[in-house]
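# Fold and contact review
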Amino acid sequence: MANFWKSAVRWLPGVVISLIAILAIIHFVDLNRFIAAIRAAKLLVDPASVVISIIWLLVRGIVWRTLLRERASFRDVF
């Protein structure tokens with residue numbers, strides 16, 4: 001049980017902050033307007049943004065590997 005509390009000190013603040021943020025969003029966002037905005041969104045943008053994000057992560061991994069003088073594997077820096 002002592003191990004649980006030692007590890008909880010690391011992850012518990014993040015969980016509490018996330019829960020507060022989720023509750024604030026639920027409280028302040030009008031659900032009907034949110035659903036209407038999602039329905040009106042152009043769905044072609046989503047796949048393009050996913051592809052661009054993956055390409056950026058690959059480039060960032062290459063840059064970090066270069067900065068670390070290739071001491072770390074690509075998997076570790078990705």
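Everything in this summary refers to the structure shown in the same document. Just so you know, the residues in each chain are numbered from 1, in the order the chain's sequence is written. Local features are withheld for residues below a pLDDT of 70 in this predicted model, meaning they are given only at 70 or higher, and side-chain atom pairs are given and counted only at 80 or more; totals for whole chains, interfaces and linings count all residues. Hydrogens and waters are ignored; side-chain quantities use all the structure's heavy atoms.

### Concerning the overall build of the chain
When helices and strands are tallied, the chain shows four helices and zero strands. For 78 residues, the compact-globule estimate of 2.2 N^0.38 gives 12 Å, and the chain exceeds it by more than 25% at 20 Å. The dimensions of the chain, computed from C-alpha atoms along their principal axes, are 50 × 45 × 15 Å. A burial count over the chain gives 5% of its 78 residues as buried. Per-residue and other accessible areas were derived by the Shrake-Rupley procedure at a 1.4 Å probe size, with only the shown protein chains allowed to occlude residues. Surface summary for the chain: the accessible area is close to 7,500 Å², and the carbon and sulfur share equals 71%. Here Asp and Glu are counted as negative and Lys and Arg as positive; His is not counted, and neither are the chain ends. Working definition for charges: the position is that of NZ of Lys, CZ of Arg, CG of Asp or CD of Glu. Treating the 10 positive side-chain charges of the chain as one cloud and the 4 negative ones as another, the clouds have centres 6 Å apart. In this text, helices come from DSSP runs of H or I with a minimum length of four residues, and strands from runs of E with a minimum of two, each type numbered from the N-terminal end. Our radius of gyration is a C-alpha quantity, and the globule rule it is checked against amounts to 2.2 Å times the number of residues to the power 0.38. Classification of residues uses two cut-offs on accessible area relative to the type maximum, computed with a 1.4 Å probe and protein chains only: under 20% is buried, over 50% is exposed, and between them is partly exposed.

### Observations regarding a nonpolar patch on the surface
To count toward a patch, a residue needs a relative accessible area over 30% and no salt bridge; like charges are then connected within 9 Å, while nonpolar side chains (Val, Leu, Ile, Met, Phe, Trp, Tyr) are connected within 5 Å. Here, a salt bridge means any side-chain nitrogen of Lys or Arg that lies within 4 Å of a carboxyl oxygen of Asp or Glu. Together, Met1, Phe4, Trp5, Trp11, Leu12, Val15, Val16, Leu19, Ile20, Ile22, Leu23 and Ile26 make up a nonpolar patch on the protein surface, roughly 1,200 Å² of accessible area in all. With respect to the secondary-structure elements, Ile20 resides in helix H1 (residues 2-28). Judged by relative accessible area, Ile20 falls into the exposed class, the value being 55%.

### Some points on unusual backbone geometry
The backbone of Arg69 shows a phi angle near 55°, a positive value even though the residue is not glycine. On the basis of relative accessible area, Arg69 is assigned to the exposed category, the value being 66%. One non-glycine residue, Glu70, lies in positive phi territory at about 55°. Structurally, Glu70 is set in the loop between helix H3 (45-67) and helix H4 (74-77).

### Some remarks on the packing of aromatic side chains
Pairing of aromatic rings covers Phe, Tyr and the six-membered ring of Trp, with a centre-to-centre limit of 6.5 Å; geometry is then stacked below 30 degrees between planes, edge-to-face above 60, and tilted otherwise. Overall, the coordinates contain two aromatic pairs when judged by the stated rule. Between Phe4 and Trp11, the aromatic rings sit 6.0 Å apart at their centres with planes inclined by 65°, giving edge-to-face as the arrangement. Judged by relative accessible area, which is 40%, Phe4 ranks as partly exposed.

### Considerations on H3
The span one expects for a helix is its residue count, reduced by one, times 1.5 Å. A rise of 1.5 Å per residue sets the reference length of H3, with its 23 residues, at 33 Å; its end C-alpha atoms lie 32 Å apart and thus fit the reference within 8%. Arg69 lies just past H3 and shows a positive phi near 55°.

### Description of the environment of Val9
Inspection of the secondary structure assignment puts Val9 in helix H1. A relative accessible area of 63% places Val9 in the exposed class. Put simply, Val9 and Val63 are 54 residues apart on the chain and 33 Å apart in space, counted from C-alpha to C-alpha.

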